[in-house]
Amino acid sequence: MTSAPGIPRPSRTPVSGAIGAALGRAFAVAQRVRHPRPIHRRGVVLRGELRRIPDATPAGIAWIDDASADASPVVVRVSRSVGLPSPLPDILGLALRVVDADIELASTGWGVPGRFALVPRRRAERASFGILLPYRGDRGPVLLGARTVSGRPPATDPRALTGPDVGAVWTLELSHATAWGPWHPFAVIELRLDPDPDDRGLRFDAVRRPLPGARTYAWVRAARQPSYLRVQHDAPPPRAAANAPADAETAPG
C-alpha cells in the first residue's frame, strides 16, 4: 500500500502492524457502506480562541512549551462517532485545528487505565476527551486531553441546531500527561458556533498536520496509518482556523 500525499509510509512492527492492518480492512469495508466518512459522518463546527496558561508544566513538545502567550484562533468539530440518536450514548469526537496543526480526540476515561479506553457519553460537556495514542516528546510519551470548564456545545449534529444553546459559549481546558502521570493544564479554549456550522467539506488530519515539535512512535504509525490511508485520499482542502473572530454573530446555517 502506498501512502497518500503528506502521510508517511506505515512503520512495520509485528503487533501494531497486525492491529493496523485489521483496522485498515475494517475502515475499507465501513467506507464502502458509509462513504465518504465511515465514522463521525456529521458534526457541528465551532470557532474561538486558545489561550495559554502562564507557567504551565512543560510537556517536552514545542507546540506546548514554546508557544506564544498571544491567543491563537481555533476551529473545532464536535461529533458522534457511530451517529446514534442523541438520547443514546456514543463515542464523541473532538477535533481541533489551531493555526495549521490538528488534534483529534475522542471521549475516554481520565484516570489510569481509563484514559486508554473509549467511553460512550450522552453529552459532550460531561465527557473527558483524550488522544489514546501518545505523541513522542523530548521527555517521553505525551498524551493530550480536554475537559469542560463551563458551558456546553449547542449540538453534536447540525440538524439539531435549535433553541437557546445555539449562542452558548463552551469553555474547555487542554491538558497533557505522561502515560501514567497526572494531568497538567496548559491552555483554555473558548468556543462559539461557527457561522458555517455544518462540517461538510471539513476534514481534520492529525497525520498530515501534526503538532510542531511532536514526533510519532513507530508502533503508533503502524497501528494508525492503514486506516488513515483508507479514508484520507479524498480529503478536501483544510478550513483555516483564522477566518472569523471568536465573538462573531452566529446563527444556525
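The structure this text deals with has already been given above.
Residues numbered from 1 in each chain as written. Predicted model: local features only at pLDDT ≥ 70, side-chain atom pairs only at ≥ 80, totals over all residues. Heavy atoms only, no water.

Points about the overall build of the chain
The helix and strand tally for the chain stands at three helices and nine strands. Overall, the chain shows an N-to-C arrangement of helices and strands of α-β-α-β-β-β-β-β-β-β-β-α. Within the chain, the proportion of its 253 residues that are buried is 47%. Partitioning the intrachain contacts of the chain with sequence separation of at least 6 by distance along the chain shows that 69% fall at a separation of at least 24. Within the structure as shown, the chain displays about 12,100 Å² of accessible surface, and the carbon and sulfur contribution to it stands at 55%. (Helix = DSSP H or I, 4+ residues; strand = E, 2+ residues; numbered from the N terminus. Buried < 20%, exposed > 50% of the residue type's maximum accessible area, 1.4 Å probe, protein only. Contact = heavy atoms within 4.5 Å. Areas by Shrake-Rupley, 256 points an atom, 1.4 Å probe, with all protein chains shown as cover.)

Observations concerning the packing of aromatic side chains
Given two aromatic rings, one states the distance between the centres and the angle between the planes to describe the pair. For the coordinates displayed, the defined rule picks out three aromatic pairs. Taken together, a centroid distance of 6.0 Å and an interplanar angle of 80 degrees make the contact between Trp 63 and Phe 186 edge-to-face. A residue pair is termed long-range when its members are at least 10 positions apart, and Trp 63 in helix H2 (residues 62-65) and Phe 186 in strand S9 (residues 184-198) qualify at 123 residues. Judged by its relative accessible area of 8%, Trp 63 is buried. Under the relative-accessibility criterion, Phe 186 is labelled buried at 2%. Measuring from centroid to centroid gives 4.3 Å for Trp 110 and Trp 183, while their planes differ by 20 degrees, and the two rings are stacked. Of this pair, Trp 110 sits in the loop between strand S4 (101-108) and strand S5 (128-130) while Trp 183 sits in the loop between strand S8 (170-177) and S9; the two residues are 73 residues apart in sequence, bridging distant segments of the chain. Note on Trp 110: relative accessible area 18%, which makes it buried. The aromatic ring of Trp 63 is capped on one face by Arg 52, whose charged end is 4.4 Å from the ring centroid. If you follow Arg 97 out to its NZ or CZ, it ends over the ring of Phe 204, 4.7 Å from the centre. (Phe/Tyr/Trp six-rings, centres within 6.5 Å; stacked < 30°, edge-to-face > 60°. Lys NZ or Arg CZ within 6 Å of the ring centre and 35° of its normal.)

What to know about unusual backbone geometry
Working note: non-glycine residues mostly have negative phi, and peptide bonds are mostly trans. Here the residue pair Val 112 and Pro 113 is connected by a cis peptide bond, since its omega of 10 degrees sits within 30 degrees of zero. Relative to the helices and strands, Pro 113 resides in the loop between S4 and S5. Of note, the phi angle at Asp 55 is positive, near 60 degrees, even though the residue is not glycine. Within the chain, Val 99 stands out as a residue other than glycine whose phi angle is a positive 60 degrees. Within the secondary structure, Val 99 is located in the loop between strand S3 (92-98) and S4. Judged by relative accessible area, which is 51%, Val 99 ranks as exposed.

As for the pairing of S3
Across the seven residues that make up S3, a large majority, seven, are buried. Taken together, the seven bridges between strand S2 (residues 72-80) and S3 define a ladder with antiparallel strand orientation. Each bridged residue has a counterpart across the sheet, and for Ser 79 the counterpart in S3 is Gly 93. Judged from the six bridges that link them, S3 and S4 form a sheet pairing that is antiparallel. Along S4, the bridge assignment pairs Ala 95 with Glu 104. (Pairing = 2+ DSSP bridges.)

Here we look at the pattern of salt bridges
Scanning the model with the defined rule gives eight salt bridges in all. Asp 102 is paired through a salt bridge with Arg 97; the nearest N and O atoms lie 2.7 Å apart. Owing to a relative accessible area of 0%, Asp 102 belongs among the buried residues under this scheme. On the basis of relative accessible area, Arg 97 is assigned to the buried category, the value being 1%. Arg 208 is the partner of Asp 205 in a salt bridge, and the nearest nitrogen-oxygen pair spans 2.8 Å. Judged by its relative accessible area of 1%, Asp 205 falls in the buried class. Among the charged side chains, a network of salt bridges with common partners joins Arg 97, Asp 102 and Arg 209. (Salt bridge = Lys/Arg side-chain N within 4 Å of Asp/Glu carboxyl O.)

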